[in-house]
Amino acid sequence: MADRDYAAARAEMVRSVEAMARDTGTYTGRRVLSDTVIRALSNVPRHRFVPDNMRDNAYLNRALPIGHDQTISQPFIVALMTDLADIDAGDRVLEIGTGSRRPCGPV
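Small disclaimer: the values here were computed from a predicted structure and weren't measured.

### Digging into the confidence of the model for the protein
Considering every residue of the protein, the mean pLDDT works out to 89; 90% of them sit at 70 or more. Considering each helix and strand of the protein separately, the mean pLDDT is smallest for strand E2 (residues 70–72), with a value of 87, and largest for helix H2 (residues 35–43), with 96.

What follows is the structure, given as structure tokens:
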């Protein structure tokens, strides 16, 4: 997949995450995610964090296997957790082990 295709897939993923936020807002308290979180989703090259054989699926709004019985988390969940953390510039954050050890199955 070419870089422009990744950019289009990433933009579609962001739209999916924003729609999911609207749909689940009554449960999560966040119908709209912060501009900072949306900008991060829009800019992070998720395809670089998955194995080569998963790159075409990198921007699906779902968890993906990354090897060693580990997964990269669903973009919506990452965005929601980050938004709910209410992190400000200058804050320090240590994230440990919020991933899953279960394989997420075939894509």
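Having seen it, we continue.
### Points about helix H3 (residues 75–85)
Among the residues of H3, those classed as buried are Pro75, Phe76, Ala79, Leu80 and Asp83. Seen end-on, H3 carries its buried residues on one side only, within an arc spanning 125°. Each element contacted by the buried residues of H3 is listed here: helix H1 (3–28) and H2. A positive phi of about 55° marks Asp86, the residue just after H3.

### Observations regarding a nonpolar patch on the surface
Where nonpolar side chains cluster on the molecular surface, the patch consists of Ile77, Val78 and Met81 and spans about 220 Å² of accessible area. Note that Val78 resides in helix H3. Note on Val78: relative accessible area 34%, which makes it partly exposed.

### Section: the environment of Arg10
Along the chain, the position of Arg10 falls in helix H1. Overall, Arg10 belongs to the buried group, its relative accessible area being 14%. Taking the C-alpha atoms as reference, Arg10 lies 5.6 Å from Tyr59; in sequence the two are 49 residues apart. Each residue touching Arg10, except ones within four places of it in the same chain, is listed here: Leu41, Ser42, Asn43, Val44, Pro45, His47 and Tyr59. Polar contacts involving the side chain of Arg10 include one to the side chain of Tyr59, which spans 2.7 Å.

Basis of the calculations
Residues numbered from 1 in each chain as written. Predicted model: local features only at pLDDT ≥ 70, side-chain atom pairs only at ≥ 80, totals over all residues. Heavy atoms only, no water. pLDDT = per-residue confidence, 0-100. Helix = DSSP H or I, 4+ residues; strand = E, 2+ residues; numbered from the N terminus. Buried < 20%, exposed > 50% of the residue type's maximum accessible area, 1.4 Å probe, protein only. Arc of directions from axis to C-beta. Contact = heavy atoms within 4.5 Å. Patch = residues over 30% accessible without salt bridge, like charges linked within 9 Å, V, L, I, M, F, W, Y side chains within 5 Å. Areas by Shrake-Rupley, 256 points an atom, 1.4 Å probe, with all protein chains shown as cover. Salt bridge = Lys/Arg side-chain N within 4 Å of Asp/Glu carboxyl O. Polar contact = N/O pair within 3.5 Å; in protein donor to acceptor, adjacent residues only side chain to side chain.

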